[in-house]
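Tertiary structure, described
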Amino acid sequence: MTPHADRFLADLHTLRAFGGDDAPGSKGVRRRAFTEADLAARDWLAEQFRDAGLTPHMDPAGNLFGLAPGDRSLLMGSHSDTQPEGGWLDGAYGVIAALEIARAAQEAGGPPVSVVSFQDEEGRFGALTGSSLWSGKLSEADADKLVATDGTTWPEARARISDRAGDWLDPARFTGFLEAHIEQGPVLDAAGEAVGVVTGIVGLRQIQVEVHGQQNHAGTTPMAMRRDAFTVAARITTALPDRFANIVTPQSVWTIGHIRLHPGAQSVVPGRAEFSLQWRDIDADRLDRMEGAIAQLLRDMGDETGCEITWGKLRHDLAPMPMDAGMQAALSAAADEVAPGRWRAMPSGALHDASNLAGLMPVGMLFVPSINGVSHTFEEDTGEDDLVTGVEVLARAVERLG
Ligand SMILES: [Zn+2]
């Protein structure tokens, strides 16, 4: 199987033009799910699928497939929608790489490869909406309640594709799913490596914490007599690294991403602080132990400060999702041939459509570096040599799997 680098790069640049930022030198893209730019890009993709001998098929969620001839095929792809100010590779790389592999496979006489661009991976409505619907993790009734921040409802979005959309496809027709994606983190770039073979997608847990202090006058209340909810929240934040010290690895992460103070006035000691606390790791047992350490810290801090501290789950837990061993072996062997000494096995800290499919079929993922580790911004980029190396690794892995 011989993927063509020029053809692949030309298509990747053409896709960028749909919603592409036109400032000189910018590679940024605005292609939110179901906008004009997104639907035009999907129509263009459908044409490329047809030219490659694949049958285009859009399902009721707007997921666009290019189906290889025959009953069974390997599915490859990612998503082609972007963040409001997104990069040109997040999702697009995996879709166009899959298109090139499907073409190269047809030219080589097999194995059959189908392509998919999932819809609304970037969460204009939900998160991973298209693949969540297809995999049954999100019901159509629940999807119909989703509303974008601009007020557009999911049923209104669906109506925009009513002339294009057909039925749901049976996932059983696919032998597995292989997704290539930019890393969106700094590990490969910092190490000067070309490829990452993903071992699994990290699990995620999130709680909402409320600290109840005493709301009071900011001028008349002596410091020693305050029960300032924000100060307690800040102490919790700075105490976490110590409490986690014997539990976490350098790949464990935690984030307080949103905080609200009540009443939120310049001259009032805050009486209440509410904040989100999220943590992610590849190991479920470690997620448990981090949760235990957080609970202990919150109890200790409540005892120490006299503030009542309560907490509850903000969302359902996402379990760590290991990638299929056979897929990992094929990708690792291919990476060893194409980029010896320049690849590593690594977890994915970001969620991807692959997480949704892992229960339905064997799933594998490949990363290429992100320059300076940045993504979800116009500056997102990857060296074209690395983009091509990733496609070559995919081709050899698909040959092995075939
Ligand atoms: Zn993505």
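Residues numbered from 1 in each chain as written. Predicted model: local features only at pLDDT ≥ 70, side-chain atom pairs only at ≥ 80, totals over all residues. Heavy atoms only, no water.

In this numbering, the UniProt entry assigns the feature "binding site: Zn(2+) 2" (unreviewed entry) to Asp-90, Glu-122 and His-376. The named residues occupy 287 residues along the chain; their greatest pairwise C-alpha distance, 9.5 Å, places them in one compact cluster. The annotated residues that sit in the lining of the largest pocket are Asp-90, Glu-122 and His-376. Within the element layout of this structure, Asp-90 appears in the loop between β3 (73–79) and α3 (92–107). Among the residues examined, Asp-90 registers a relative accessible area of 5% and is labelled buried. Sequence-distant contacts of Asp-90, that is, excluding residues within four places in its chain, are made with His-79, Asp-81, Glu-122, His-181, Ile-182, Gln-184, Ser-375, His-376 and Glu-380. In this structure the side chain of Asp-90 is engaged in a polar contact, spanning 3.0 Å, whose partner is the side chain of Gln-184. With respect to the element layout, His-376 can be found in the loop between β16 (363–368) and α12 (384–401). Sequence-distant contacts of His-376, that is, excluding residues within four places in its chain, are made with Gln-83, Glu-85, Asp-90, Glu-122 and Gln-184. Looking at His-376, its side chain comes within polar contact range of the side chain of Asp-90, at 3.1 Å. (UniProt positions renumbered as here; feature names shortened; annotations may be inferred. 1 Å grid on protein atoms, 1.4 Å probe; cavity = no way out; pocket = protein on both sides within 12 Å on 5 of 7 lines; lining within 4 Å. Helix = DSSP H or I, 4+ residues; strand = E, 2+ residues; numbered from the N terminus. Buried < 20%, exposed > 50% of the residue type's maximum accessible area, 1.4 Å probe, protein only. Contact = heavy atoms within 4.5 Å. Polar contact = N/O pair within 3.5 Å; in protein donor to acceptor, adjacent residues only side chain to side chain.)

A word on the UniProt feature "binding site: Zn(2+) 1" (unreviewed entry) in the protein. Under the present numbering, the feature "binding site: Zn(2+) 1" (unreviewed entry) in UniProt falls on His-79, Asp-90 and His-181. Their sequence span is 103 residues, while the largest C-alpha to C-alpha distance among them is just 9.6 Å; these annotated residues converge on one region. Restricting the annotated residues to those that line the largest pocket leaves Asp-90 and His-181. Topologically, His-79 is positioned in strand β3. Residue classification places His-79 among the buried positions, given a relative accessible area of 0%. Polar side-chain contacts of His-79 include one of 3.2 Å to the side chain of Asp-90. Position of His-181 relative to the elements: it lies in strand β5 (residues 174–182). His-181 gets classed as buried once you look at its relative accessible area, which sits at 1%. Aside from chain neighbours lying at most four places away, what touches His-181 is Ser-78, His-79, Asp-90, Gly-91, Tyr-93, His-352, Met-365, Leu-366, Phe-367 and Val-368.

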